[in-house]
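Commentary on secondary and tertiary structure
Listed below are the residues making up each chain.
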Amino acid sequence: MSERMEHENDGPRVLIVEDEQDLLHLLQYNLAREGYAVTTAESGEQGLRLARADPPELVLLDLMLPGMDGLEVCRALKSRQSTQGVVIVMLTARGEEADIVRGLELGADDYITKPFSPRVLLARLRAVLRRRGADAGEEADETASIKAGPMTIHPDRHEVVVAGEPVALTATEFRLLVTLARRPGRVFTRQQIIERVHDGLAAVTDRSVDVQVVSLRRKLGEPGQAIETVRGVGYRLKAY
């Protein structure tokens, strides 16, 4: 089994946990070439051990691993204070929708479906790291205005302006829009939306979330189409 492999790059530190050696080497080569400092592991147990010993900024985590699978690794990382802030991007095979949803609900930040191009992978990693940096800034000021394409959202005034015109939203629709807009490009499962927008109320169903998204899109007009449906998973606001 491969041991830790590091490069002397000074970019973001990435841990790749992948048991397919050809893919592991391809990922390692492409990330190192882009300036990332790369560490690799070929099992969930090894990946968890490396992440706990020296937490990276991002873990690229295959879900289908021998022994301890990717979901278990994700759960373990998010349950410990020293690693709960690590960005996790899952690598998944087609048809693993249930695992994708579970991983996002455990705290993963994004997922990439195999097969994928190196260019797409690098773009997604840059985007998720940018979002994490933006999230850190948002925590300092929850009232800061949010710009999303032609939309400007003012959380402190409970106001949305589209192309200079105010848009009337219900309290629930407004919270839904703010949730999506604060993390553009991130996929939220329906359960995550229920927890964040409806305080986890058991009476709110997945169907209720779908209806609210339809209503929000309609009220926002053309910009509402930026709220994208991720089939079998949930919703995200397109990153402008």
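Coordinates for the structure precede this section.
Basis of the calculations
Residues numbered from 1 in each chain as written. Predicted model: local features only at pLDDT ≥ 70, side-chain atom pairs only at ≥ 80, totals over all residues. Heavy atoms only, no water. Helix = DSSP H or I, 4+ residues; strand = E, 2+ residues; numbered from the N terminus. Rg over C-alpha atoms; globule rule 2.2 N^0.38 Å. Buried < 20%, exposed > 50% of the residue type's maximum accessible area, 1.4 Å probe, protein only. Contact = heavy atoms within 4.5 Å. Areas by Shrake-Rupley, 256 points an atom, 1.4 Å probe, with all protein chains shown as cover. Lys, Arg positive; Asp, Glu negative; His and termini not counted. Charge placed at Lys NZ, Arg CZ, Asp CG, Glu CD. Polar contact = N/O pair within 3.5 Å; in protein donor to acceptor, adjacent residues only side chain to side chain. 1 Å grid on protein atoms, 1.4 Å probe; cavity = no way out; pocket = protein on both sides within 12 Å on 5 of 7 lines; lining within 4 Å. Points joined across faces, edges and corners; volume = space filled by probe spheres on them. Pairing = 2+ DSSP bridges. Axes fitted to C-alpha atoms, helices over the stretch in contact; angles between N-to-C directions. Parallel < 35°, antiparallel > 145°, perpendicular 65-115°, else oblique. Nonpolar A, V, L, I, M, F, W, Y, C, P; charged D, E, K, R; others polar.

1. Some details on the overall build of the protein chain
- A count of helices and strands for the protein chain gives 8 helices and 12 strands.
- Against the compact-globule benchmark of 18 Å for 240 residues, the protein chain has a radius of gyration of 19 Å, which places it among compact chains.
- Across its three principal axes, the protein chain shows a C-alpha extent of roughly 60 × 35 × 35 Å.
- Burial status across the protein chain gives 51% buried among its 240 residues.
- Taking the contacts inside the protein chain whose residues are at least 6 apart along the sequence as the reference set, 59% of them involve residues at least 24 apart.
- Surface summary for the protein chain: the accessible area is close to 11,600 Å², and the carbon and sulfur share equals 49%.
- Computed over 32 positive and 37 negative side-chain charges, the inter-centroid distance for the protein chain is 4 Å.

2. Brief notes about the environment of His154
- Note that His154 resides in strand β7 (residues 151-154).
- Sequence separation between His154 and Thr143 is 11 residues, and the spatial gap between their C-alpha atoms is 7.2 Å.
- The contacts of His154, once residues within four sequence positions are left out, are Ser145, Glu159 and Phe174.
- A distance of 2.8 Å separates polar atoms of two side chains, one belonging to His154 and the other to Ser145.

3. Let's talk about the side chain of Gln212
- For Gln212, the location among the structural elements is in helix α8 (residues 206-220).
- Excluding residues that lie within four positions of it along the chain, Gln212 makes contacts with Thr172, Leu176 and His198.

4. Some remarks on empty space enclosed by the protein
- Across all of its chains, the model carries 1 cavity of 30 Å³ or more by this definition.
- In this structure, the largest cavity occupies an estimated 40 Å³ of space.
- Lining the largest cavity we find Leu26, Leu27, Asn30, Phe116, Pro118 and Leu121.
- Looking at the lining of the largest cavity, the elements with two or more residues in it are α1 (21-33) and α5 (118-140).

5. Here we look at the sheet that holds strand β4 (residues 87-92)
- Strand order in the open sheet made by the 5 strands is β2-β1-β3-β4-β5, with parallel pairing throughout. Of all the strands in the sheet, just β2 (37-41) and β5 (110-113) have a single pairing partner and so form its edges. Shown here is a sheet whose adjacent strand axes are inclined to one another by a mean of 20°, direction ignored.
- Looking at chain direction, strand β1 (residues 13-17) and strand β3 (residues 58-62) are connected through 4 bridges and run parallel. Across the sheet, the residue bridging to Val14 is Leu58, located in β3.
- On top of the sheet, α1 reaches β1, β2, β3 and β4; it is set at about 170° to β2, its chief contact.
- Packing of helix α4 (residues 97-106) onto the sheet brings it into contact with β4 and β5, and relative to β4 it is tilted by some 175°.

6. Looking at the sheet that holds strand β11 (residues 227-230)
- With antiparallel pairing, 3 strands are arranged side by side in an open sheet as β10-β12-β11. A strand with exactly one partner marks an edge of an open sheet, and here the two such strands are β10 (188-189) and β11.
- In this structure, β11 lies alongside strand β12 (residues 234-237), joined through 4 bridges in antiparallel fashion. By the bridge assignment for β12, Thr229 is matched with Tyr235.

7. A closer look at the packing of helix α3 (residues 70-78) against α4
- Between α3 and α4, whose axes approach to 9 Å, the crossing angle comes to 10°. Judged by the angle between their axes, α3 and α4 are roughly parallel. In this structure, α3 uses Leu71, Cys74, Arg75 and Lys78 to contact α4, whose residues at the interface are Asp99, Arg102, Gly103 and Leu106.
- Looking at the contact of α3 with α4 residue by residue, the classes come out as 3 nonpolar, 1 polar and 4 charged.

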